[in-house]
Amino acid sequence: MTDVPLLPTAAPGSTPIRVMTIAGSDSGGGAGIQADLRTFALLGLHACVAVTAVTVQNSLGVSGFQEITPDVVAAQMRCVIDDIGIGAAKTGMLASAPIIDAVAAQCRESGLGRGSDVPLVVDPVCASMHGDPLLATEALDTLRDTLIPLATVVTPNLDEVRLITGIDVVDDATQRDAARVLHGLGAQWALVKGGHLRSSDRSTDLLYDGTEFHEFDHVRIDTPHDHGAGDTLAAAITAALAHSYSVPDAVAFAKSWVSKGLAAAYPLGAGHGPVNPLWRVSRP
Ligand code: PLP
């Protein structure tokens, strides 16, 4: 079951490429840090973590969360980067403006993101698939002004695009407009995930770097068990960038990784099950 070209892995006993996720914990194990760690591990990377919030969550939704203080979020990043070193990082749920400010300041201090050797993937998580808020509304300005300008790639879905840019993406033209605005906010590359925008059986994402549009068109995998799909895509992009893939190649790789995970997704609890990166180790 390995028609996704996999990333090279380190020999036993040698240190793998390291990456970091700066994100929230999902107690149900399907999204957030847990989705990132599953993808990073199954792609052969060593993943470090800066926890931003602990969500109380199951397959039916998020019933609450506890934020970690901004200084502790930044301290987790600093101590790992200074000692272990990382080849790329991603952000997920950041919960509040003070946490975004602390993460952005630490990225600048540690030389992560746009213009540095260490790519930063910003997945601008705003809410769960059930609509439960994961980012304070008043934090949107901070996201736009301090973090997106540091992004090597920003990876919003259509709801996040609407919140960040005010653009309601309804077709190819508005998807391009949104990508232009996101790039204009300072992201080096903007990936506007199309979901089932253009047709019910295709999923077309659009990537833009200020000069060229790249389209990534895949058969849409129709499953209710897609919890954590956005996190998984951003984690797989991060993994490929840590392996020095170009951004378009990293996105192409990540799209096939997520498609495989969606095709193998499983039911869990009474609600939505997760994308399943465990297909990688299944032995039919
Ligand atoms: N919980 C956490 C901690 C997350 O980071 C995310 C998404 O990034 C979610 C929940 C929501 O995932 P989904 O929209 O797939 O339900």
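The rules behind these values
- Residues numbered from 1 in each chain as written.
- Predicted model: local features only at pLDDT ≥ 70, side-chain atom pairs only at ≥ 80, totals over all residues.
- Heavy atoms only, no water.
- Helix = DSSP H or I, 4+ residues; strand = E, 2+ residues; numbered from the N terminus.
- Rg over C-alpha atoms; globule rule 2.2 N^0.38 Å.
- Buried < 20%, exposed > 50% of the residue type's maximum accessible area, 1.4 Å probe, protein only.
- Contact = heavy atoms within 4.5 Å.
- Lys, Arg positive; Asp, Glu negative; His and termini not counted.
- Charge placed at Lys NZ, Arg CZ, Asp CG, Glu CD.
- 1 Å grid on protein atoms, 1.4 Å probe; cavity = no way out; pocket = protein on both sides within 12 Å on 5 of 7 lines; lining within 4 Å.
- Points joined across faces, edges and corners; volume = space filled by probe spheres on them.
- Nonpolar A, V, L, I, M, F, W, Y, C, P; charged D, E, K, R; others polar.
- Expected span 1.5 Å × (residues − 1).
- Arc of directions from axis to C-beta.
- Near = heavy atom within 4 Å.
- Polar contact = N/O pair within 3.5 Å; in protein donor to acceptor, adjacent residues only side chain to side chain.
- Areas by Shrake-Rupley, 256 points an atom, 1.4 Å probe, with all protein chains shown as cover.
- Sits in = over half its atoms within 2 Å of the grid points.
- Phe/Tyr/Trp six-rings, centres within 6.5 Å; stacked < 30°, edge-to-face > 60°.
- Core = buried A, V, L, I, M, F, W, Y, C linked by side-chain atoms within 4.5 Å.

*Asks:* Looking at this structure, I do not really get the overall build of the chain. What am I missing?
*Replies:* Counting its regular elements, the chain contains eight helices and nine strands. Expected size for 284 residues packed as a compact globule is a radius of gyration near 19 Å; at 17 Å, the chain falls within 12% of this value. By the burial criterion, 54% of the 284 residues in the chain qualify as buried. Pairs at least 24 apart in sequence give 68% of the contacts found in the chain among residues at least 6 apart. Averaging the positions of the 18 positive and the 31 negative side-chain charges in the chain gives two centres separated by 5 Å.

*Asks:* What am I meant to see in the layout of surface pockets here?
*Replies:* Over the atoms a probe the size of a water molecule is rolled, and this reveals where empty space is left. When its volume is computed, the largest pocket comes out at roughly 1,200 Å³. Going through the elements one at a time, strand 1 (18-26), strand 2 (46-58), helix 5 (158-165), strand 8 (202-208), strand 9 (213-219), helix 7 (229-242) and helix 8 (247-263) are the ones with two or more residues in the lining of the largest pocket. Of the residues assigned to the lining of the largest pocket, the class counts are 16 nonpolar, 19 polar and 11 charged.

*Asks:* Can you help me understand empty space enclosed by the protein in this one?
*Replies:* Per the stated rule, a full pass over the model turns up one cavity of 30 Å³ or more. Estimates place the volume of the largest cavity at around 40 Å³. Considering the residues around the largest cavity, the lining is formed by Thr91, Gly92, Leu94, Ile100, Val122, Asp123, Pro124, Val125, Leu135, Leu143 and Leu147. Its residues assigned to classes, the lining of the largest cavity comprises eight nonpolar, two polar and one charged.

*Asks:* Looking at this structure, how should I read helix 6 (residues 172-184)?
*Replies:* Because an α-helix completes one turn every 3.6 residues, residues spaced three or four positions apart along the sequence face the same direction. The end-to-end C-alpha distance of helix 6 is 18 Å, a good match for the 18 Å that 13 residues give at a rise of 1.5 Å each. Within the span of helix 6, buried status applies to Thr174, Gln175, Ala178, Ala179 and Leu182. The arc enclosing the buried residues of helix 6, seen along the axis, measures out at 145°, which places them on a common side. On its buried face, helix 6 sits against strand 6 (153-154), helix 5, strand 7 (189-192), strand 8 and strand 9. At the C-terminal side of helix 6, glycine 186 shows a positive phi close to 120°.

*Asks:* Looking at this structure, I do not really get the site of the ligand. What am I missing?
*Replies:* Residues in contact with the ligand amount to 14 residues; listed here are only the nearest, Gln57, Met129, His227, Gly228 and Asp231. In the model, an oxygen atom of the ligand is placed 2.6 Å from a nitrogen or oxygen of the aspartate 231 side chain. Compared with its free state, where it exposes 390 Å², the ligand has 92% of that area covered by protein. Taken atom by atom, the bulk of the ligand overlaps the largest pocket. At the level of elements, strand 1 and strand 2 are the ones that each hand at least two residues to the shell around the ligand. Among the residues making up the shell around the ligand, the classes are represented as five nonpolar, eight polar and one charged.

*Asks:* What am I meant to see in the packing of aromatic side chains here?
*Replies:* Centre-to-centre distance and the angle between the planes together describe a pair of aromatic rings. On inspection of all chains with the given rule, the structure shows three aromatic pairs. Judged by centre distance (4.2 Å) and plane angle (15°), the ring pair of tyrosine 208 and phenylalanine 213 falls under stacked. For tyrosine 208, a relative accessible area of 10% corresponds to the buried category. The exposure class of phenylalanine 213 is partly exposed, given its relative accessible area of 22%. Taken together, a centroid distance of 5.4 Å and an interplanar angle of 55° make the contact between tryptophan 257 and tryptophan 279 tilted. Linking tryptophan 257 in helix 8 with tryptophan 279 in the segment after helix 8, this pair joins segments that are 22 residues apart in sequence. The exposure class of tryptophan 257 is buried, given its relative accessible area of 1%. Using a relative accessible area of 3% as the deciding quantity, one classes tryptophan 279 as buried.

*Asks:* Please clarify how the nonpolar core should be interpreted in this entry.
*Replies:* The tendency in soluble globular proteins is for nonpolar side chains to be buried side by side. In this structure, Met20, Met77, Val103 and Leu147 are the most contacted members of the largest nonpolar core, which totals 50 residues. The contacts of leucine 147, once residues within four sequence positions are left out, are Thr91, Leu94, Ile100, Val103, Ala104, Leu120, Val122 and Thr142. Core analysis: the next-biggest nonpolar cluster, separate from the first, contains 34 residues, Leu45, Phe216, Ala234 and Phe253 among them.

From the geometry alone we can't say anything about function, so treat these as descriptive.
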